[in-house]
Amino acid sequence: MKTLYDKLWKSHVVYEESDGTSLLYIDRHLVHEVTSPQAFDGLRLSGRKPWRLDSILAVADHNVPTTKRDDGIRDPISRLQIETLDQNCDEFGITEFKMNDLRQGIVHVIGPEQGVTLPGMTVVCGDSHTSTHGAFGCLAFGIGTSEVEHVLATQCLLMKKAKSMQILVEGKLGHGVTAKDIALACIGEIGTAGGTGYAIEFSGSAVSMLSMEGRMTLCNMTIEAGARTGMIAVDDTTIEYIRGRPFSPKGDLWAAAVVHWRTLRSDENANFDQIIRLDAAQIKPQVTWGTSPEMVTTIDGKVPDPLQIMDAVERHDVERALKYMGLLPNMPITEIRPDKIFIGSCTNSRIEDLRAAAAVIKGKHIAESIKLAIVVPGSGLVKNQAEKEGLDKIFLNAGFEWREPGCSMCLAMNDDRLLPGERCASTSNRNFEGRQGPGGRTHLVSPAMAAAAAIAGHFVDVRTVY
Amino acid sequence: MEKFYLCKELVAPLDRANVDTDAIIPKQFLKSTQRSGFGKNLFDEWRFLDYGELGMRADQRRLNPDFILNQSRYHDARILLARANFGCGSSREHAPWALQDYGFKVIIAPSFADIFFNNCFKIGLLPIVLNAAVVDRIFYEVSLTNGYYLVINLEDQTVTAPDGESYSFEIDLFRKNSLLNGLDEIELTLQHIEKIKVFEEEWRMKQPWLFL
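Residues numbered from 1 in each chain as written. Chains lettered and ligands numbered in written order. Predicted model: local features only at pLDDT ≥ 70, side-chain atom pairs only at ≥ 80, totals over all residues. Heavy atoms only, no water.

With 58 residues of chain B in contact, the opposing surface of chain A contributes 78 residues. Of the roughly 5,700 Å² buried between chain B and chain A, counting both surfaces, carbon and sulfur atoms make up 57%. Of the charged contacts in the structure, one is a salt bridge between Glu149 of chain A and Arg35 of chain B, with a shortest N-O distance of 4.0 Å. Sorting the residues of the side of chain B that touches chain A by element identifies α2 (44–47), α3 (94–102), α4 (114–123), α6 (173–181), α7 (185–190) and α8 (193–206) of chain B as the ones contributing at least two each. With seven residues, α8 of chain B is the single largest residue contributor to the side of chain B that touches chain A. (Contact = heavy atoms within 4.5 Å. Buried area = accessible area lost by both parts, 1.4 Å probe. Salt bridge = Lys/Arg side-chain N within 4 Å of Asp/Glu carboxyl O. Helix = DSSP H or I, 4+ residues; strand = E, 2+ residues; numbered from the N terminus.)

Residues and elements named next belong to chain A. The final tally for this structure, using the stated rule, is 46 salt bridges over all chains. Glu404 serves as the salt-bridge partner of Lys383, at 3.4 Å between the closest nitrogen and oxygen. With a gap of 21 residues between them, Lys383 in helix α13 (residues 380–388) and Glu404 in the loop between β17 (401–402) and β18 (423–426) connect regions that are remote in the sequence. On the basis of relative accessibility, which here comes to 14%, the residue Lys383 falls in the buried class. (Buried < 20%, exposed > 50% of the residue type's maximum accessible area, 1.4 Å probe, protein only.)

What follows deals with the packing of α3 of chain B against α4 of chain B. Residue and element names in this part refer to chain B. Relative orientation of the contacting elements α3 and α4 amounts to 50 degrees, with a least axis distance of 9 Å. Taken together, the axes of α3 and α4 lie oblique to each other. Considering the relative orientation of α3 and α4, their crossing is right-handed. Here Ala95, Pro96, Trp97, Leu99 and Gln100 of α3 lie close against α4, whose contacting residues are Phe116, Asn119, Cys120 and Ile123. Taken together, the residues of the contact of α3 with α4 sort by class into seven nonpolar, two polar and no charged. (Axes fitted to C-alpha atoms, helices over the stretch in contact; angles between N-to-C directions. Parallel < 35°, antiparallel > 145°, perpendicular 65-115°, else oblique. Left-handed = near helix turned anticlockwise from the far one by under 90°. Nonpolar A, V, L, I, M, F, W, Y, C, P; charged D, E, K, R; others polar.)

Attention shifts here to the packing of aromatic side chains. Taken as a whole and assessed by the stated rule, the structure comprises 18 aromatic pairs over all chains. For the ring pair Phe86 of chain B and Phe116 of chain B, a centre distance of 5.4 Å and an interplane angle of 75 degrees mean the geometry is edge-to-face. In this pair, Phe86 of chain B sits in the loop between β2 (79–81) and α3 while Phe116 of chain B sits in helix α4, placing the two residues 30 residues apart along the sequence. For the ring pair Phe117 of chain B and Phe121 of chain B, a centre distance of 5.1 Å and an interplane angle of 85 degrees mean the geometry is edge-to-face. One end of the pair is Phe117 of chain B and the other is Phe121 of chain B, both in helix α4 and four residues apart, which spans about a single turn. One aromatic cluster is present, built from ring pairs that chain together Phe86, Phe112, Phe116, Phe117 and Phe121 of chain B. The ring of Tyr241 of chain A has Arg245 of chain A lying over it, and the distance from NZ or CZ to the ring centre is 3.9 Å. Just above the ring of Phe139 of chain B sits the side chain of Arg83 of chain B; from NZ or CZ to the centre is 3.9 Å. (Phe/Tyr/Trp six-rings, centres within 6.5 Å; stacked < 30°, edge-to-face > 60°. Lys NZ or Arg CZ within 6 Å of the ring centre and 35° of its normal.)

With that settled, consider the side chain of Glu113 of chain A. All names here are of chain A. Position of Glu113 among the secondary structure elements: in helix α4 (residues 107–114). For the buried Glu113, no salt bridge exists, and the shortest N-O distance to an oppositely charged side chain is 5.7 Å, to Arg245. When residues no more than four places from it in sequence are discounted, the contact partners of Glu113 are Tyr241, Arg245, Pro246, Ser379, Leu381 and Val382. (Lys, Arg positive; Asp, Glu negative; His and termini not counted.)

Residue and element names in this part refer to chain A. Two numbers describe how helix α2 (residues 37–46) lies on helix α3 (residues 76–92): the axes approach to 10 Å, and their chain directions differ by 40 degrees. Crossing hand, α2 versus α3: left-handed. The segment α2 lies against α3, with Pro37, Phe40, Leu43 and Arg44 engaging Gln81, Thr84, Asn88, Glu91 and Phe92.

Residue and element names in this part refer to chain A. Of note in the backbone geometry, Lys68 takes a positive phi value of approximately 45 degrees without being a glycine. Within the secondary structure layout, Lys68 lies in the loop between β4 (56–59) and α3. Here the phi dihedral of Asn269 falls at roughly 65 degrees; this positive angle occurs in a residue that is not glycine. In this structure, Asn269 sits in the loop between α10 (251–261) and β12 (274–279). Residue Asn269 is classed as exposed on the basis of its relative accessible area of 71%.

Next up on the list: the side chain of Ser131 of chain A. All names here are of chain A. Along the polypeptide, Ser131 turns up in the loop between β6 (122–125) and β7 (139–142). Classification of Ser131 as buried rests on a relative accessible area of 0%. Discounting chain neighbours no more than four positions away, the residues touching Ser131 are Ala140, Phe141, Cys219, Asn220, Thr222, Ile223, Arg228, Thr229 and Gly230.

Turning to the domain arrangement of chain B, a few remarks are in order. According to the domain assignment, chain B consists of domain 1 (7–181) and domain 2 (183–212). One C-alpha centre belongs to domain 1 of chain B, the other to domain 2 of chain B, and the line joining them spans 35 Å. (Domains from an automatic or database assignment.)

This part takes up the sheet that holds strand β15 (residues 340–343) of chain A. Residue and element names in this part refer to chain A. Across the sheet, which stays open at both edges, the five strands sit in the order β17-β16-β15-β18-β19 with parallel pairing between neighbours. Edge positions in the sheet fall to β17 and β19 (441–444), since each of these pairs with one other strand and no more. On the sheet, helix α15 (residues 447–456) packs against β15 and β18 and is oriented at approximately 155 degrees with respect to β15. (Pairing = 2+ DSSP bridges.)

Set out below in structure tokens:
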């Protein structure tokens, strides 16, 4: 009786050391501009070449501007980093979607969109949100730059197997409740270190009912629960998503692949080291109030009161978080008023996310108190599709800005950022201090909740307004 | 990678849980395409009162006198004592680079985030997990002692306090050998080059669609 993780792990072991450290074969390597330059330098210094060029796809996403692309990149340091990626890819012969390619976008959006991510693969990238690709029944995880170089040079990584955790979400999600809310509720439940040392498999009827976009959102946030990798079994939804994508197999190969892919699920009665159960029907829209994703509550909740917390270290952390966030104990979440709205990131910038936000906004206008509201689609193709559906008009008419694809204000490496003290309703994945700009204050929410907050000027239960 | 030797080093305490990699090295410094020089921006938003950008000179910045590493008694610290889930967040190896470039050789905490923990070994920075009660005790002793040193013995897998109390820690044999001998992992892996080639050929036969 094997788990999906057992199957994916075992099939990729090339060699095992006596202490269990294994050499794992890597099928897909996604590369972006921030964590790769030093790895390419390392290759050059040692006179090595990439092992398997057809396993690599590169794209610049972290630094790219989301406005006026035709004018190039204003920031000379960002520009140098992107030019360095371009040069490295040209020199070594790596396929890269360049900044003005329609297929350019956030690495974790374009992999699946292109069919570059396929079930049963090991997928790595120098980015912690690589867990996203686990939605396709992949073993997908983020790596550091030394490992980027290691994979380039050897097509393998040295690893030890993690423990396994199953997160079972049974039942039906309520109206207006999304995969993002499941993810945040899970993190609220087990904490940001709850998954440390584990590979997580999400299952249960609520997970099966999610679209691929929803499953990607859920697996994307696995790292915020401390687990390097998250995954979901392959089913019809997975296979239908992949069918016909540019890099997915065709004809006889497709048929053979599908037969194999259908085996990519945990056996019945497979043994997990830990099982967490969540009732989907009980999950409400979530909003983070602090500086760690585990500092989260429901839309009808309140900011916690440090005086009610017994543990000294935790109380101290909550006090510090409230000070940074400029919030008072016991304040209702619905009284928190964002200054800016960010709809985007590898967590929530896919077509379904934009549709969900647009549905809430349609025919309405953002509140006067909102200084800036931006939508940053996950890729050029997502942007195109949204425009075909007229979503751009809905956003623009509501007072949103409609931007070019990239990581943007999720981590503020480009010009999109919060000013000190500014508060943002953000569909991204991290509310760390300074994440969206120095002194910026982030509240993580779903796209529908961010849209509802934009219209109301404060957080509001999307279930009551839409 | 440099070999890891037995050492006796000064300890600096960083008393907060969930220290994330954005705090260890903020994103604006990730625009560098170099591997070195991140130490001067370690914990930038906590260490300085002004906003740091790549290329700014450290001696022209406004130090935050309240930040622990800015206290003169910790200037020569080579061991960072930390709380649970140290290094959570992004996979940026720039975080261990910054800690090492600043001068740290060892980080002690009750737990670390997985990717950060893994990245440390790749560059010869030793993360040591000690149980929470022991870490509490060391925090307490550091607060009472001016000049608190720990002896780190990787060979024996022990941390020894000034009073002679010794705490043992776990480490994978493979990682231990790599650190003690300063081994290059890519070199090690390439010793198995034939096995990789055989695996790859069989894999290609079984799942040709992975090689499109």
